[in-house]
Number of protein chains: 2
Amino acid sequence: MRREKDKIKIIPLGGVDEIGKNLTVIEYREEIAVIDCGLSFPDEEMFGIDLVIPDVTYLIKNREKVKGIFLTHGHEDHIGALPYVLKELNVPVYGTKLTIGIVETKLKEHNLLSKVDLKVVKPRDIIKLNSMSIEFIRQSHSIADSVAIAIHTPMGVVLHTGDFKVDYTPIDGCVADFARFAELGKRGVLAMMCDSTNVERPGYTMSETTVGETFNTVFTKAKGRIIVATFASNIHRIQQIVEAAERYNRKVAVSGRSMENIVAVAIELGYLKVKEGVLIGIDAINRYADNKIVIITTGSQGEPMSALTRMAAQEHKKVKIQEGDMVVISANPIPGNEKLVSRVINQLFKKGAEVIYEALADVHVSGHACQEELKLMHTLIKPRFFIPVHGEYRHLKQHKELATNLGMPKANVVIPEIGGVIELTRSSIKKTDTVVAGKVFVDGLGVGDVGNIVLRDRKHLSQDGIVTVVVTIEKVSGTVIAGPDIISRGFVYVRESEDLMEESKEIVKTALLECEEKHITEWATIKSNIKDVLRIFLYERTKRKPMILPIIMEV
Amino acid sequence: MRREKDKIKIIPLGGVDEIGKNLTVIEYREEIAVIDCGLSFPDEEMFGIDLVIPDVTYLIKNREKVKGIFLTHGHEDHIGALPYVLKELNVPVYGTKLTIGIVETKLKEHNLLSKVDLKVVKPRDIIKLNSMSIEFIRQSHSIADSVAIAIHTPMGVVLHTGDFKVDYTPIDGCVADFARFAELGKRGVLAMMCDSTNVERPGYTMSETTVGETFNTVFTKAKGRIIVATFASNIHRIQQIVEAAERYNRKVAVSGRSMENIVAVAIELGYLKVKEGVLIGIDAINRYADNKIVIITTGSQGEPMSALTRMAAQEHKKVKIQEGDMVVISANPIPGNEKLVSRVINQLFKKGAEVIYEALADVHVSGHACQEELKLMHTLIKPRFFIPVHGEYRHLKQHKELATNLGMPKANVVIPEIGGVIELTRSSIKKTDTVVAGKVFVDGLGVGDVGNIVLRDRKHLSQDGIVTVVVTIEKVSGTVIAGPDIISRGFVYVRESEDLMEESKEIVKTALLECEEKHITEWATIKSNIKDVLRIFLYERTKRKPMILPIIMEV
């Protein structure tokens, strides 16, 4: 079966040189296995964009090769692009029970559930393709039922760690399958792709159980209602809140769409255990004394439409923040969200609540491995080649450092790029060509219809607004018969700038007259003349550069 | 001299319930002393805004009372609004030598220098007004020549700490004047306003000298050029970089306008000591071996136009990043700037530079007091009343906690609000009324001409762009003689949306016909009909809500 030119191709279509939209292509002979299919959230330059998904042109071009999408866990940055990608490329999706459960609710929202072949796997399951086998191996992470994925080929094993941390005391008792990792390592792993998110942090990530201890303290102190905001997907965190509630004889209500969805799925599938009668509807909270209530909610990132943010602004229909409430923000702000979170904290304090957040207590632990945990994984797996993944360039670079400090030769490490093809043989690793890859913007119903031109315009509009100039011209004579009218939006406060607008009109009139005198009749030239004189005039007077939109009507 | 109704009014016009634009009014009898006059930077919702300054309507209304602006130090959030405020209210400005030196460069840029009365003071100087005396007391902070300000009145002393930290080994040897603080405390301080920035951090802020030790390590390791980005105003940091350069026999060049300005001022005034021949022009760097060069630059916050950001993007005219460069980002990202800084770090790594930043080494210390330092200040001053300042609400709240934990009665602490008047007597503190206060936006040449309507429009435009609809109507008959034309910007990629635009035209045509049939002739009604039908149609088709701007021309 061995061929001279046998090689494995690894092509990340997302998740490297960035945080989010993880998607890795593993290609061997005539088969492709896809690991994860995530989305990322727009950064502040992507005005109006709802979501970003990976460009999967390469998969669509090779659709007959794609045997399935293999999921490591149920976080948005690993499953969120599924509804969009599956519309273009309907292939089986494999994942553990909870992961598939979360995928189901997602596909339901997109009316796709009946059309997709979802396959539930267990850790240590192996899916045999023609020339590859895909093995799932238990990991610990901030969502239950996470796995690493090992791809077995005749060339050797490629291990993708997925997102992970080392937690010897996980809430569900399911410690990562170190025995299997060690066994693979002993037999020899050709290449490892490993999570780099926390590579800059020394030491170890604390166990999830440490957060439970903080909850105990909080529950002891609280005299009124307790409101805990956390990531909806962090079932273990939610389990700990529920257990604390049970211990202190409080009822639990849930608020926020994603929290309600995931809690329902997790209870149904047995991942979240709540004693009979503890869970109540959010409508029922006022039937109990304040000190008998815990509300678990979304909004730990200060997201503008989330439940906690609405509570803080007193815009939540069921929950009004009151003196005596104890609010726990059980998450750290993701970079970029600091100000949003801070705004919510300030509002909560002003409404009289006590607020417990990361700066004040250990109410959160990370789901990603710090340096010492990464070293454990490298030491267990001892791969021949190493590809750091899941991180910005700085993280991938630091992870390369970490690997070489452990003795790996520099030449055996490749820092991957989105769309960059990495070819592996038994004895070599190298970057070869690149394939089409990148960001696809989702805006409302549009997938990919907002590109750089539209975004550039939105940015321009956001900075200094728009000035529209309209003139009606008589077709035959070319004389102006109405206008110029000038209407601005987002530029200046019009009532206080009447003079500026009047002067602008005069400037445009003069430009139009000049065009007439010079017998310029091409609309494009007239428009660009209007733009030029107005841009210069407005910049001189205001030092602003609004978008100028000249419109000529012909009658 | 004591009168029955004697009271001191304290009115913060900025710097409380927010970080930045510090300005506090101290009013006693017929006199007002203003402490600081700072700006803040726009948050991400303030589209297109350059700067935010405090609304000083109250000062302008009481202009005859205002005796001067008294500065604690030369940071932008304490002096940055001076050029704008002084145009409206030309009063003397008092500050220490370096602070006034920095103010001078700022006023020069605004052509105001000759018009303003700047007065240099020394620590322990006392400026006597009629019924108040203003005393300057040395503090430590991340800029040299910082002071606290004590206002002496017949009613008692009000102490404003200014921004401070406790540094027993400051670079210039000028330790804060603890003796004077203790003396004031012993004699009795009526009220203290105290910096709350770092109140959430336990322990102590490290001394500035610890950063020097990191520089030594960095300079030993570096084989090529060393490029250090830091805050231009952090003269002590710059002094340490210069001394390391001298020790390791490297020349120093400076890049970035604010860095060049402040370094020039600091050298001229004797705050920065550079040995003969060490400082070279940025043009001269290529005349020396790479390992003989240190470049000190702006851009530690990843600001888009700053020198380091331009270097990282290879857009800097004099400095191209190359393999072997060692870049030190000697600052922590200010909340909100994390992503910008991260982008620069990634670019620098990709260009082959080594990058040292906060996650990897102790290349920065804060300029603000942590909890134990705050306790020292409270314990020295032992004020009767306490007003936490310089912080968001969460910080002010925590600072109140800290004070009451030290034994201060809760009723003696007032959390201030912008524009809220706090009245002090010998034995009482209370909030009374409020005065006009708030944010004034600076956008280009406009000060205050961009208000909430303009900002709301900019936000709307940034999300989904604009759709302009133009029709020309015959005045007498009311019939449409040209159009409707539809032009969009920032909405959809037009070439791929021709159908959508054609359909939109039809929708508008139908709406216009209906208006004609119903003999609707008011433009406002016609416009709002166009808006309504188009909004509904576009939302159904795209789930987007562009701004719709109908324009009717009449001939």
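Conventions used here
- Residues numbered from 1 in each chain as written.
- Chains lettered and ligands numbered in written order.
- Predicted model: local features only at pLDDT ≥ 70, side-chain atom pairs only at ≥ 80, totals over all residues.
- Heavy atoms only, no water.
- Core = buried A, V, L, I, M, F, W, Y, C linked by side-chain atoms within 4.5 Å.
- Buried < 20%, exposed > 50% of the residue type's maximum accessible area, 1.4 Å probe, protein only.
- Helix = DSSP H or I, 4+ residues; strand = E, 2+ residues; numbered from the N terminus.
- Domains from an automatic or database assignment.
- Contact = heavy atoms within 4.5 Å.
- 1 Å grid on protein atoms, 1.4 Å probe; cavity = no way out; pocket = protein on both sides within 12 Å on 5 of 7 lines; lining within 4 Å.
- Points joined across faces, edges and corners; volume = space filled by probe spheres on them.
- Nonpolar A, V, L, I, M, F, W, Y, C, P; charged D, E, K, R; others polar.
- UniProt positions renumbered as here; feature names shortened; annotations may be inferred.
- Pairing = 2+ DSSP bridges.
- Right-handed = clockwise from strand over helix to strand, strands pointing away.
- Expected span 1.5 Å × (residues − 1).
- Arc of directions from axis to C-beta.
- Phe/Tyr/Trp six-rings, centres within 6.5 Å; stacked < 30°, edge-to-face > 60°.
- Lys NZ or Arg CZ within 6 Å of the ring centre and 35° of its normal.
- Buried area = accessible area lost by both parts, 1.4 Å probe.
- Salt bridge = Lys/Arg side-chain N within 4 Å of Asp/Glu carboxyl O.
- Polar contact = N/O pair within 3.5 Å; in protein donor to acceptor, adjacent residues only side chain to side chain.
- Least-squares fit on C-alpha atoms with pLDDT ≥ 70 in both.

Asks: Could you give me a rundown of the nonpolar core, with the residues and numbers involved?
Replies: Residues and elements named next belong to chain A. Formed by 70 residues in total, the largest nonpolar core has its most connected members in Leu 59, Ile 69, Leu 82, Val 93 and Val 294. Per-element tally for this core: the top contributor is helix 7 (residues 235-247), with six residues. When residues of this core are assigned to domains, at least three fall in each of domain 1 (8-203 + 366-444) and domain 2 (209-356). Those residues in contact with Val 294 that lie beyond four places of it in its chain are Phe 219, Ile 226, Val 228, Ile 241, Ala 245, Arg 250, Lys 251, Val 252 and Ala 253.

Asks: I'd love a proper account of the layout of surface pockets, names of residues and values included.
Replies: Each pocket or cavity is described by its volume, and for the second largest pocket that value is around 640 Å³. Around the second largest pocket sit 29 residues that line it, and Lys 221, Glu 354 and Leu 360 of chain A together with Gln 398 and Glu 401 of chain B are the ones nearest its centre. Looking at the lining of the second largest pocket, the elements that each hand over two or more residues are helix 6 (209-221) and strand 17 (354-356) of chain A together with helix 11 (371-381) and helix 12 (393-405) of chain B. Of all the elements, helix 12 of chain B adds the most residues to the lining of the second largest pocket, at five residues. Of the residues contributing to the lining of the second largest pocket, the split by class is 12 nonpolar, eight polar and nine charged.

Asks: Could you give an account of the UniProt feature "binding site: Zn(2+) 1" (unreviewed entry) in chain A, naming the residues involved and the relevant values?
Replies: Residues and elements named next belong to chain A. Per the UniProt record, "binding site: Zn(2+) 1" (unreviewed entry) is annotated on His 73, His 75, Asp 77, His 141 and Asp 163. Sequence-wise these annotated residues cover 91 residues; spatially they are packed, their C-alpha atoms never more than 13.6 Å apart. From the list above, the second largest cavity is lined by His 141. By relative accessible area, which is 21% here, Asp 77 ends up partly exposed. When neighbours within four sequence positions are excluded, Asp 77 is seen to be in contact with Gly 20, Lys 21, Asn 22, Gly 38, Leu 39 and Asp 163. Tracing the sequence through the fold places His 141 in the loop between strand 9 (133-138) and strand 10 (147-153). Residues in contact with His 141, not counting those within four places in the same chain, are His 73, His 75, Ser 146, Asp 163, Phe 164, Lys 165, His 236, Gly 367 and His 368.

Asks: I'd love a proper account of the pairing of strand 14 (residues 251-255) of chain B, names of residues and values included.
Replies: Residue and element names in this part refer to chain B. For strand 14, a buried count of four out of five residues is recorded, marking the element as mostly surrounded by other parts of the structure. Note: strand 14 against strand 15 (residues 293-297), five bridges, orientation parallel. Bridge pairing in strand 15 places Ser 255 opposite Thr 297. What joins strand 14 to strand 15 is helix 8 (residues 257-268), and the crossover it makes is left-handed.

Asks: Break down helix 8 (residues 257-268) of chain A for me, with residues and values.
Replies: Residues spaced three or four apart along an α-helix face the same direction, because each turn holds 3.6 residues. Residues and elements named next belong to chain A. Taking 1.5 Å per residue, 12 residues should reach 16 Å; helix 8 reaches 17 Å between its end C-alpha atoms and fits that length. Listed as buried for helix 8 are Met 259, Ile 262, Val 263, Val 265 and Ala 266. When helix 8 is viewed along its axis, its buried side chains cluster within an angular range of 165° and face the same direction. Looking at helix 8, the residues exposed on the side facing more than 90 degrees away from the buried face are Arg 257 and Glu 268. In this structure, the buried side of helix 8 is in contact with helix 4 (97-109), helix 7, strand 14 (251-255) and strand 15 (293-297). Just beyond helix 8, the residue with positive phi is Gly 270, at close to 85°.

Asks: Could you give an account of the packing of aromatic side chains, naming the residues involved and the relevant values?
Replies: As enumerated under the stated definition, the model contains 11 aromatic pairs over all chains in all. Here Phe 70 of chain B and Phe 136 of chain B contribute two aromatic rings whose centre-to-centre distance is 6.4 Å and whose plane-to-plane angle is 40°, an arrangement assigned as tilted. Taken together, the residues span a long stretch of sequence, with Phe 70 of chain B in strand 5 (residues 66-70) and Phe 136 of chain B in strand 9 (residues 133-138) at a distance of 66 residues. The burial state of Phe 70 of chain B is the same as that of Phe 136 of chain B; both residues are buried. Here the aromatic residues Phe 70, Tyr 94 and Phe 136 of chain A are joined through ring pairs into a cluster of three or more. Of note, Lys 545 of chain A hangs over the ring of Tyr 539 of chain A, and the distance from its end group to the ring centre comes to 5.3 Å.

Asks: Before we move on, can you summarise the interface of chain A and chain B with the specific residues and values?
Replies: With 68 residues of chain A at the interface, the matching set in chain B holds 68 residues. The contact between chain A and chain B buries some 5,900 Å² in all, and 57% of this surface belongs to carbon and sulfur atoms. Considering only the surface of chain A that becomes buried against chain B, Lys 339, Arg 394 and Met 553 of chain A emerge as the three largest contributors, covering 10% of it. Linking chain A to chain B there are 10 salt bridges. Across the pair Arg 544 of chain B and Asp 449 of chain A runs a salt bridge, and its minimum N-O distance is 2.6 Å. Counting every contact that joins chain A to chain B gives 29 residue pairs in polar contact (both at pLDDT 80 or more).

Asks: Let's hear about the relation of the copies chain A and chain B: which residues, and what values?
Replies: Superposing chain A onto chain B takes a rotation of 180° combined with a translation of 0.0 Å along the rotation axis, leaving an RMSD of 0.0 Å. Put plainly, the chains are arranged around a two-fold axis. In terms of C-alpha distance to the rotation axis, chain A has Ser 462 of chain A as its closest residue, with the C-alpha 2.4 Å off the axis. The fraction of interface residues of chain A whose copies in chain B are also interface residues reaches 100%, indicating that both copies meet through the same surface.

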